[in-house]
Amino acid sequence: MQGRKVIITGVPGVGKTTVVNEALKKLKSEGVEYQSINFGSFMFEVAKKENVVQDRDQMRTLDRAVQKQLQQHAAQAIAKVTGNVLIDTHASVKTPKGYLAGLPEWVLHEIMPDIIVLVETDDDQILMRRLTDETRARDKEGSRSIAEHQQFNRSIAAAYAMMTGCTIKIVINADFLLERSSSELADVLR
Ligand code: AP5
């Protein structure tokens, strides 16, 4: 039987990986299995081999053509994974030259998702999470700019739904409410 393909997105620091891990824990206890795949990790493996970056946060500053090539490699590799798959990625990537579509036509046609989830929360909360996360080289930007990025992601997600017929689900991951956001994601995945 063909599995379900769910894409999860959200601006950096919104906590999508945290929500995914919690939701998958809940589902595992019920016997529902998903393979969790990080799109950025697939891109980073190739970028590292080609010696074009040292860490994953440098990828969004690469030349657009190189980012697109890495995207395509990742999409082709991920398309081969069978069963229920949850793909952690970005609806759009903020690059020095503007927003880059995270799921352009050549990526969507490889993956053909059933559902795209947008994880969101208040811009100020994202700003604080980025400032306190010392494990990553997060972009330094204000809450107005984060708001613009979240808005852009909703707009581009509508285009993805038009291209694939997938549904779009918005999950709010507010401070202290991880239980609620992870339960909501688990419901989407059941
Ligand atoms: P990736 O690694 O996916 O980037 P990222 O968005 O920075 O990923 P994270 O998983 O670190 O962010 P998150 O928001 O999920 O954070 P976390 O759960 O840790 O991708 C790397 C790069 O790959 C991209 O920059 C791009 O270059 C490239 N890439 C990827 N996909 C691409 C594509 N399709 N096309 C082109 N390029 C692509 O949470 C953050 C913090 O919040 C933590 O400290 C956590 O404790 C806290 N937190 C989470 N939830 C809560 C809560 N409810 N309350 C309080 N704190 C919370």
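Residues numbered from 1 in each chain as written. Predicted model: local features only at pLDDT ≥ 70, side-chain atom pairs only at ≥ 80, totals over all residues. Heavy atoms only, no water.

**Student:** Help me out: how do you make sense of the pairing of strand E1 (residues 5–9) in this one?
**Tutor:** Sheet faces and side chains relate simply in a regular strand, where the side chains alternate between the two faces. Of all five residues in E1, five are buried, a share of seventy percent or more. Here E1 shows two buried faces, one formed by Lys 5, Ile 7 and Thr 9 and the other by Val 6 and Ile 8. The pairing of E1 with strand E3 (residues 85–88) spans four bridges and is parallel. Across the sheet, the residue bridging to Ile 8 is Asp 88, located in E3. Pairing geometry for E1 and strand E6 (residues 115–120), over four bridges, is parallel. Bridge assignment links Ile 8 to a residue of E6, and that residue is Val 117. (Buried < 20%, exposed > 50% of the residue type's maximum accessible area, 1.4 Å probe, protein only. Helix = DSSP H or I, 4+ residues; strand = E, 2+ residues; numbered from the N terminus. Pairing = 2+ DSSP bridges.)

**Student:** Sorry if this is basic, but what is going on with the side chain of Gln 71 here?
**Tutor:** By the secondary structure assignment, Gln 71 is in helix H3 (residues 64–79). Overall, the relative accessible area of 4% leaves Gln 71 in the buried class. Once residues lying within four places of it in the same chain are set aside, the contact partners of Gln 71 are Phe 39, Met 43, Leu 100, Ala 101, Gly 102, Pro 104, Trp 106 and Val 107. (Contact = heavy atoms within 4.5 Å.)

**Student:** Where do I start with the packing of aromatic side chains in this structure?
**Tutor:** Each aromatic ring pair is specified by the distance between its two centres and by the angle formed by the two planes. Scanning all chains against the criterion turns up one aromatic pair. Centre to centre, the rings of Tyr 99 and Phe 152 are 4.3 Å apart; their planes meet at 10 degrees, and the pair counts as stacked. One end of the pair, Tyr 99, is in strand E5 (residues 98–101); the other, Phe 152, is in helix H6 (residues 143–164), and 53 residues separate them in sequence. (Phe/Tyr/Trp six-rings, centres within 6.5 Å; stacked < 30°, edge-to-face > 60°.)

**Student:** What is the right way to read the layout of surface pockets from this model?
**Tutor:** Rolled over the atoms, a probe sized like a water molecule indicates the empty space that remains. The volume enclosed by the largest pocket comes to roughly 820 Å³. Along the wall of the largest pocket there are 40 residues; nearest its centre are Pro 12, Lys 16, His 90, Arg 136 and Arg 138. For the lining of the largest pocket, the elements supplying multiple residues, two or more each, are helix H1 (16–29), helix H2 (39–49), H3, strand E4 (92–95) and helix H5 (123–132). Residue composition of the lining of the largest pocket, grouped by class: twelve nonpolar, 14 polar and 14 charged. Computed from the structure, the second largest pocket encloses a volume of approximately 190 Å³. In terms of lining, the second largest pocket is formed by Arg 60, Thr 61, Leu 62, Asp 63, Arg 64, Gln 67, Thr 95, Pro 96, Lys 97, Gly 98, Tyr 99 and Leu 100. Of all the elements in the fold, those that place two or more residues in the lining of the second largest pocket are H3 and E5. A breakdown of the residues in the lining of the second largest pocket according to their chemical character gives four nonpolar, four polar and four charged. (1 Å grid on protein atoms, 1.4 Å probe; cavity = no way out; pocket = protein on both sides within 12 Å on 5 of 7 lines; lining within 4 Å. Points joined across faces, edges and corners; volume = space filled by probe spheres on them. Nonpolar A, V, L, I, M, F, W, Y, C, P; charged D, E, K, R; others polar.)

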